[in-house]
Amino acid sequence: MYDTIIIGAGIAGLTAAMYASRKKMKYEIISSDFGGQFMVSGEVLNYPGIVKTTGVEFSMKMEEQMKFNNVNFKTETVKEIKKEGDNFRVITDKTEYETGTIIIATGARARKINVPGEDRLANKGVTYCSICDGPLFGGKAVAVIGGGDSALEAVDFLKDIVSKIYMIVRGDSFTGHEYLIERAKNNPKIDVLFNSETTEILGDKFVEEIKYKQGDEEKDLTVQGIIIEIGRVPNTETFKDFVKIDDHNHIAIDCTTATSVPGIFAAGDCASAHEYQYIIAAGQGCMALIKAARYLAHKKN
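Residues numbered from 1 in each chain as written. Predicted model: local features only at pLDDT ≥ 70, side-chain atom pairs only at ≥ 80, totals over all residues. Heavy atoms only, no water.

Colleague: Explain the sheet that holds strand β10 (residues 126-127) here, please?
Modeller: Hydrogen bonds between backbone atoms are what pair the strands of a sheet, whose relative direction is either parallel or antiparallel. Pairing is parallel in the open sheet, where 5 strands are placed in the order β10-β17-β11-β12-β13. Two strands close off the open sheet at either side, each with one partner strand: β10 and β13 (190-193). The pairing of strand β11 (residues 141-145) with strand β12 (residues 164-168) spans 5 bridges and is classified as parallel. Within the sheet, the bridge partner assigned to V142 lies in β12 and is I165. Each of β11, β12, β13 and β17 (225-228) touches helix α4 (residues 149-158); the most contacted strand, β11, lies at about 160° to it. (Pairing = 2+ DSSP bridges. Helix = DSSP H or I, 4+ residues; strand = E, 2+ residues; numbered from the N terminus. Contact = heavy atoms within 4.5 Å. Axes fitted to C-alpha atoms, helices over the stretch in contact; angles between N-to-C directions.)

If you want it as structure tokens, here you go:
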């Protein structure tokens, strides 16, 4: 019997696991991968105590901190959770765990644009991660789809790698941080196409062309890469029939990270704060573990 099972190894889950380790709780942290949004983030300039870093560097520091606190995670995929009396059963693709509490910190994944050619050319010039795949487009022309922070971070990362960047933005303005907008405006490699919507991605073996609609006019661009940065979809499908989900498919939580099911907590990008920030995810991971420990203490009394 475990005190808690933490599902997810992004910053929220890792923070919860670090606190669980330091509290000497019996726990496991389960995830299909390590790092979450760390692995797709560019510059990080707004985390307290760290002047400037990158997602990858932050991930390495977090991994070092996990080792210092004897945190190890199991590479498994959670398939189902069940209520069993006052406890829960977590069923993965490898085994089962009985636990008194659960912390869900499964994060979110990239949102697709769902146009012809997107799935067929995925990993053949279509990508959702400029940090991961940007270096593959050295000296080439690329399209970045989106107008928020993630899209602006992508073009900032790509500016010294690619030869040309076309930004395809649905609205009539950017929606990201001002400092990123200023960088984009001052970059001679960038052409911004406002009020535009992608309609098709073309190519034989690799991306060759992108079609888009601007007003009533159909247009096309010759590009060798397409980076899609239009937001995220919470990874909550596994839990939608067990805990309350909000209108945007996030797990509904209160100010203490408690879900609709006593003993289950949620933290980070999968939860209903709807604010995708490292510091919020870390804070919620900490809160979730403390509240899980308090829940267990009250249950024993």
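Colleague: Would you take a moment to explain the packing of helix α1 (residues 11-22) against helix α6 (residues 278-300) for this structure?
Modeller: Any two packed helices are characterised by the angle at which their axes cross and by the distance between the axes. Between α1 and α6, the least distance of the axes is 7 Å, while the angle of their chain directions is 40°. Crossing angle aside, the handedness with which α1 passes α6 is right-handed. Taking contact as the criterion, the partners of I11, A12, T15, A16, Y19 and A20 in α1 are, on α6, Y278, A281, A282, G285, C286 and L289. (Left-handed = near helix turned anticlockwise from the far one by under 90°.)

Colleague: Before we go on, may I ask you to explain helix α5 (residues 178-185) in this structure?
Modeller: An α-helical turn contains 3.6 residues, so a residue and the one three or four places further along point in the same direction. Within the span of α5, buried status applies to L180, I181 and A184. With its buried residues spanning 100° around the axis, α5 presents them on a single face. More than 90 degrees from the buried face of α5, the exposed residues found are E178 and K185. In this fold, the buried residues of α5 make contact with α4 and β13. (Buried < 20%, exposed > 50% of the residue type's maximum accessible area, 1.4 Å probe, protein only. Arc of directions from axis to C-beta.)

Colleague: Can you walk me through the sheet that holds strand β14 (residues 196-202) in this structure?
Modeller: Strand order across the open sheet formed by 3 strands is β14-β15-β16, with antiparallel pairing between neighbours. Either end of the sheet is taken by a strand with one partner, and the two such strands are β14 and β16 (217-222). Averaged over all pairs of adjacent strands, the angle between their axes in this sheet comes to 25°, without regard to strand direction. Note: β14 against strand β15 (residues 209-214), 6 bridges, orientation antiparallel. Across the sheet, residue E200 finds its bridge partner in β15, namely K211.

Colleague: What should I look at first to understand the state of the cysteines in this one?
Modeller: By definition, a disulfide links two cysteine residues through a covalent bond between their sulfur atoms. Under the definition given, this model contains 0 disulfides. Residue C255 stays outside any disulfide, its sulfur separated by 14 Å from that of C286, the closest cysteine. Between C270, a cysteine without a disulfide, and C286, which holds the nearest cysteine sulfur, the sulfur-to-sulfur distance is 16 Å. (Disulfide = S-S within 2.5 Å.)

Colleague: I tried to follow the nonpolar core on my own but got confused; where do I start?
Modeller: Most often, soluble globular proteins have nonpolar side chains that are buried together. I6, I11, I29, Y47 and I103 are the most contacted members of the largest nonpolar core, which has 31 residues in total. Among the secondary structure elements, those contributing two or more residues to this core are α1, β2 (27-31), α2 (55-68) and α6. Tallying contributions element by element places α6 first for this core, with 8 residues. (Core = buried A, V, L, I, M, F, W, Y, C linked by side-chain atoms within 4.5 Å.)

Colleague: Hey, could you run me through α1 in this one?
Modeller: With 12 residues, α1 ought to run about 16 Å at 1.5 Å a step, and its terminal C-alpha atoms sit 16 Å apart, in line with that. Most of α1 is tucked away: 10 of the 12 residues are buried. Here α1 has its buried residues at I11, A12, G13, L14, T15, A16, A17, M18, A20 and S21. Its buried side turned inward, α1 meets β1 (2-7), β2, α2, β8 (96-104) and α6. K24 sits one or two residues past α1 and shows a positive phi near 60°. (Expected span 1.5 Å × (residues − 1).)

Colleague: I'm lost on unusual backbone geometry in this one. Help?
Modeller: Of note in the backbone geometry, K24 takes a positive phi value of approximately 60° without being a glycine. By the secondary structure assignment, K24 is in the loop between α1 and β2. When its relative accessible area of 73% is taken as the criterion, K24 is described as exposed. Phi at T257 is positive, roughly 75°, even though this residue is not glycine.

Honestly, that's just the spatial picture; any functional story needs more than this.
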